[in-house]
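# Survey of secondary and tertiary structure
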Amino acid sequence: MQVFLERLFDGISNGAIYAALALALVMVFRGTGTINFAQGEMALFTTYIAWGLTTKNIPVVLCLLIATIAGFTLGAVTERVLVRPIEKRSLLATLIVLLGLFLALNSLDGILWGNQNHSMPSLFPNGVNSFISVDGARLYWANLGVWLLVALLVGAMFQLFNRTRLGLHMRATASNRESAALAGIPTGRILLLGWGISAAIGAVAGVLFTPLNPDALGLGEMFPLLIYASAAALFGGLDSPGGAVIAGLLIGVAESMLSGYVSAIGGQLQEAIAFVAIVMVLLIRPQGLFGSKEVERV
Amino acid sequence: MTLLEVRDLTAGYGPAEVLHGVSLRVEEAEIVVVLGANGAGKTTTMRAIAGLIGRKGTVNLDGASIIGLSPDKVVAAGVSLVPQGRGTFAKLSVDDNLHVGAAKRRDRQGIKEDLARWYEVFPVLASRRKQMAGTLSGGEQQMLAVARALMSRPRLLLCDEPSLGLAPLIVREVFNVLQRVNTEQQMAMLIVEQNAEIALGIASRAYLLEAGEVVSEGTAESLRESDAVRRAYLGY
Ligand SMILES: Nc1ncnc2c1ncn2[C@@H]1O[C@H](COP(=O)(O)OP(=O)(O)OP(=O)(O)O)[C@@H](O)[C@H]1O
Ligand SMILES: [Mg+2]
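Residues numbered from 1 in each chain as written. Chains lettered and ligands numbered in written order. Predicted model: local features only at pLDDT ≥ 70, side-chain atom pairs only at ≥ 80, totals over all residues. Heavy atoms only, no water.

### Things to note about the overall build of chain B
What chain B contains, in helices and strands, is 10 helices and 10 strands. For chain B, whose C-alpha radius of gyration is 17 Å, the value lies close to the compact-globule estimate of 18 Å for 236 residues. Seen through its C-alpha atoms, chain B measures out along the principal axes to roughly 45 × 40 × 35 Å. Among the 236 residues that make up chain B, the fraction classed as buried is 56%. In chain B, the 27 positive side-chain charges and the 27 negative ones have mean positions that sit 7 Å from each other. (Helix = DSSP H or I, 4+ residues; strand = E, 2+ residues; numbered from the N terminus. Rg over C-alpha atoms; globule rule 2.2 N^0.38 Å. Buried < 20%, exposed > 50% of the residue type's maximum accessible area, 1.4 Å probe, protein only. Lys, Arg positive; Asp, Glu negative; His and termini not counted. Charge placed at Lys NZ, Arg CZ, Asp CG, Glu CD.)

### So, the pairing of strand 2 (residues 16–27) of chain B
All names here are of chain B. With 9 bridges connecting them, strand 1 (residues 2–13) and strand 2 associate as antiparallel partners. Bridge pairing links Gly12 to Glu17 in strand 2. Linking strand 1 to strand 2, which pair antiparallel, is a turn of 2 residues; within it Gly14 sits at a positive phi near 60°. (Pairing = 2+ DSSP bridges.)

### Quick look at the site of ligand 1
Residues and elements named next belong to chain B. In the vicinity of ligand 1 there are 13 residues, among which Gly39, Lys42, Thr43, Thr44 and Gln194 approach most closely. Contacts to ligand 1 include Thr43, whose side-chain N or O atom sits 2.6 Å from an oxygen atom. Within the side chain of Gln84, a nitrogen or oxygen atom sits 3.0 Å from an oxygen atom of ligand 1. Burial of ligand 1 by the protein amounts to 58% of the accessible area it has alone, namely 640 Å². (Near = heavy atom within 4 Å. Polar contact = N/O pair within 3.5 Å; in protein donor to acceptor, adjacent residues only side chain to side chain. Areas by Shrake-Rupley, 256 points an atom, 1.4 Å probe, with all protein chains shown as cover.)

### Side note on unusual backbone geometry
The phi dihedral of Asn57 of chain A falls on the positive side, at around 65°, and the residue is not glycine. With respect to the helices, strands and loops of the structure, Asn57 of chain A is situated in the loop between helix 2 (39–54) and helix 3 (60–87).

### Digging into the sheet that holds strand 7 (residues 156–160) of chain B
Neighbouring strands of a sheet are bound in pairs by backbone hydrogen bonds; such pairs are parallel or else antiparallel. Residue and element names in this part refer to chain B. Read across the open sheet, the 6 strands follow the order 6-7-8-3-9-10; overall the sheet is mixed. The open sheet has two free edges, formed respectively by strand 6 (79–82) and strand 10 (213–219), since each of these has just one partner strand. Going across the sheet, the axis of each strand differs from the next one's by a mean of 15°, ignoring polarity. Its contacts with the sheet put helix 1 (residues 42–50) on strand 3 (31–36), strand 6, strand 7, strand 8 (188–193) and strand 9 (205–210), and the angle it makes with strand 7 is roughly 145°. (Axes fitted to C-alpha atoms, helices over the stretch in contact; angles between N-to-C directions. Contact = heavy atoms within 4.5 Å.)

### What about the interface of chain A and chain B?
With 19 residues of chain A at the contact, the number on the chain B side is 26 residues. Interface area, chain A with chain B, both sides summed: about 1,700 Å², of which 58% is carbon and sulfur. If you look at where chain A meets chain B, you find 3 salt bridges. If you list the elements that add at least two residues to the side of chain A that touches chain B, you get helix 6 (165–175) and helix 7 (177–182) of chain A. Here the element with the most residues in the side of chain A that touches chain B is helix 6 of chain A; it accounts for 6 residues. Partitioned by chemical class, the residues of the side of chain A that touches chain B number 8 nonpolar, 6 polar and 5 charged. (Buried area = accessible area lost by both parts, 1.4 Å probe. Salt bridge = Lys/Arg side-chain N within 4 Å of Asp/Glu carboxyl O. Nonpolar A, V, L, I, M, F, W, Y, C, P; charged D, E, K, R; others polar.)

### With respect to the sheet that holds strand 4 (residues 55–61) of chain B
All names here are of chain B. Taken together, the 4 strands give an open sheet; going across it, the order is 2-1-4-5, and neighbouring strands pair in antiparallel fashion. Both outer strands of the open sheet, strand 2 and strand 5 (64–65), are each paired with one neighbouring strand and no more. For strand 4 and strand 5, the ladder comprises 2 bridges, and the chain directions are antiparallel. Bridge pairing in strand 5 places Asn60 opposite Ser65.

### Comments concerning the confidence of the model for chain B
Residue-level pLDDT values for chain B average 94, and 99% of them are 70 or greater. We note a pTM of 0.90 for the whole complex and an ipTM of 0.94 for its interfaces. (pLDDT = per-residue confidence, 0-100.)

### So, the side chain of Glu161 of chain B
Take Glu161 of chain B: it is sitting in the loop between strand 7 and helix 7 (168–185). Of the polar contacts made by the side chain of Glu161 of chain B, one reaches the side chain of Gln194 of chain B; its length is 3.4 Å.

### Thoughts on the packing of aromatic side chains
Residue and element names in this part refer to chain A. Scanning the entire structure with this criterion turns up 6 aromatic pairs over all chains. With 4.9 Å between their ring centres and 5° between their planes, Tyr48 and Trp113 make a pair best called stacked. Of this pair, Tyr48 sits in helix 2 while Trp113 sits in helix 4 (residues 91–113), placing them 65 residues apart in sequence. Of the residues examined, Tyr48 reaches a relative accessible area of 0% and is grouped as buried. Arg30 extends its terminal NZ or CZ atom over the ring of Phe161, reaching a point 5.3 Å from the ring centre. Residue placement shows Arg138 over the ring face of Phe131; its charged tip is 5.8 Å from the ring centre. (Phe/Tyr/Trp six-rings, centres within 6.5 Å; stacked < 30°, edge-to-face > 60°. Lys NZ or Arg CZ within 6 Å of the ring centre and 35° of its normal.)

### Focus on the coordination of the magnesium ion (ligand 2)
All names here are of chain B. All of the protein donors around the magnesium ion (ligand 2) are Thr43 (OG1) and Gln84 (OE1); their distances to the metal are 1.8 to 2.0 Å. Residue Thr43 is located in helix 1, and its partner Gln84 is located in the loop between strand 6 and helix 3 (94–101); the two are separated by 41 residues in the primary sequence. Among the residues examined, Thr43 registers a relative accessible area of 24% and is labelled partly exposed. (Donors = N, O, S within 2.8 Å, 3.2 Å for Na, K, Ca; no water.)

### Some remarks on the nonpolar core
Judged by nonpolar contacts, the single largest core of 67 residues is most densely connected at Ile201 of chain A together with Val100 of chain B. Take this core: its biggest share by element is 13 residues, from helix 1 (residues 2–32) of chain A. Discounting chain neighbours no more than four positions away, the residues touching Val100 of chain B are Leu168, Ala172, Ala183 and Ile185 of chain A together with Phe89 and Leu92 of chain B. Among the nonpolar cores identified, the runner-up in size contains 48 residues, and Leu35, Val82, Leu166 and Leu178 of chain B belong to it. (Core = buried A, V, L, I, M, F, W, Y, C linked by side-chain atoms within 4.5 Å.)

### Some remarks on helix 9 (residues 222–236) of chain A
Residue and element names in this part refer to chain A. Relative to the 21 Å expected for 15 residues at 1.5 Å per residue, helix 9 spans 20 Å between its end C-alpha atoms, a close match to the ideal helical length. In terms of burial, helix 9 is largely enclosed, as 13 of its 15 residues are buried. Looking at the residues trailing helix 9, positive phi occurs at Gly237, about 110°. (Expected span 1.5 Å × (residues − 1).)

### Focus on a nonpolar patch on the surface
Residues and elements named next belong to chain A. Taken together, the side chains of Met1, Val3, Phe4, Leu258, Tyr261, Val262 and Ile273 make up a nonpolar region of the molecular surface, amounting to roughly 620 Å² of accessible area. When residues of the nonpolar patch are traced back to their parent elements, those giving at least two are helix 1 and helix 10 (241–261). Within the secondary structure layout, Val3 lies in helix 1. (Patch = residues over 30% accessible without salt bridge, like charges linked within 9 Å, V, L, I, M, F, W, Y side chains within 5 Å.)

Next up, the structure:
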């Protein structure tokens with residue numbers, strides 16, 4: 001029971017991060033109609049910024065804030081400078097540009113911060129004894145903190161989408177860009193904002209995720225995360241923010257249970273399983289668990 | 001008073017020019033109809049005025065040029081287009097669709113009043129406020145598209161083939177509503193139609209468009225009498 005609970009806690013923490021990144025992917029997909037392959041590397045870039053600042057003894061909260069702002073800017077600039085001029089030509093061109101950005105950011109990280117791995121300090125108490133005991137199982141404050149912050153983030157996003165004028169304009173732009181423009185919505189500004197918010201979510205996810213494991217900050221950190229988040233976004237149905245969040249959590253827990261209880265699965269094989277899951281979804285239910293039928297274009 | 005003045009409007013898609021210098025005008029509170037065969041450039045004219053495609057020439061609203069404006073700025077200037085095919089936000093509720101129509105407005109109270117007014121004018125929409133717009137019938141979606149455009153309180157309503165794909169009875173209903181709004185709100189309208197009979201019935205003037213050029217213009221009466229329009233659009 002104890003071991004099960006601890007695996008569950010870990011799974012939920014990872015799942016919360018996948019959920020946040022999947023939500024970011026869905027936001028971009030709904031607005032622009034493409035998967036942002038660079039999402040993970042954007043998050044890695046801003047996580048490096050946050051880590052760099054922590055080494056200067058700046059409080060982690062402040063580093064998170066700065067990384068979030070940097071993320072927003074990076075996302076907004078990407079939309080304005082790279083995506084907008086190219087998406088008019090074709091979706092494929094956009095995807096390739098985003099793949100290019102993926103590689104460029106990763107190399108830039110290497111140049112700026114080197115290829116050694118680092119440990120990132122946590123926002124929350126992170127000592128060996130910073131846990132509460134649940135039925136004998138250890139629930140670390142760091143885990144609880146991740147759950148809480150991601151829950152707040154997701155809650156805020158849902159309020160934004162469903163309760164505000166801006167959110168309505170974002171949904172309208174996602175649903176039919178031309179009609180949105182004809183209704184008087186400045187669609188360019190809305191898309192820029194969507195990309196900015198999406199990259200800001202990624203920045204928060206990166207700063208939350210990295211401290212969960214020692215020596216986690218490295219050039220290869222975000223690729224598996226992107227795979228899991230993409231799987232979650234696909235499972236959820238690409239255009240369904242709620243679906244992405246639920247699928248993210250499910251994948252996190254499934255991963256933790258599988259690698260914990262099935263000894264043959266570990267390390268690299270986990271990612272292979274995520275790939276298999278993606279392929280299965282594409283074959284069996286292209287619109288995902290919660291998505292609408294129209295979304296089959298990727 | 002001339003509300004909309006279009007002079008020598010050229011526009012097209014990429015290198016292909018579709019409009020070769022279209023000129024037309026709409027007076028304050030007037031209904032004007034543009035007739036023309038498939039591919040004549042009616043939709044292109046509307047899209048050019050609304051700012052959706054690149055265009056050259058003169059487009060003035062109340063004397064001020066609106067030719068360089070982006071679509072949302074054209075709406076802010078007072079011109080709203082009901083696009084061909086309706087452009088419904090399928091996954092938004094009827095209510096949300098109408099709220100989107102008020103995107104440029106800040107007057108909460110006024111928006112509320114207008115919402116109530118258009119629900120009264122379009123009772124089919126009122127009974128489906130919470131329904132996803134994509135599940136409405138064609139006629140209902142056309143009503144929704146008109147109501148959505150009206151939510152911006154336009155001075156000029158552009159309507160692209162409101163009768164497309166609708167049963168005759170529904171077409172009648174749509175045009176009745178347009179006429180009613182025109183009379184009650186003194187709202188000017190530029191309507192593109194292939195159903196010449198019904199459109200000329202509510203219009204004061206009309207233009208005939210062929211291959212990107214205005215080939216004939218006059219009062220609705222005079223166009224109804226003209227042989228060209230009769231043969232091509234009225235069938236007698
Ligand atoms: N997106 C586009 N790209 C290229 N050419 C286009 C595009 N849209 C329209 N055209 C061309 O422009 C010309 C005029 O089209 P337009 O849609 O304005 O005609 P229309 O009068 O509205 O016809 P309909 O009655 O069928 O709606 C046609 O020859 C059409 O092929
Ligand atoms: Mg047309």
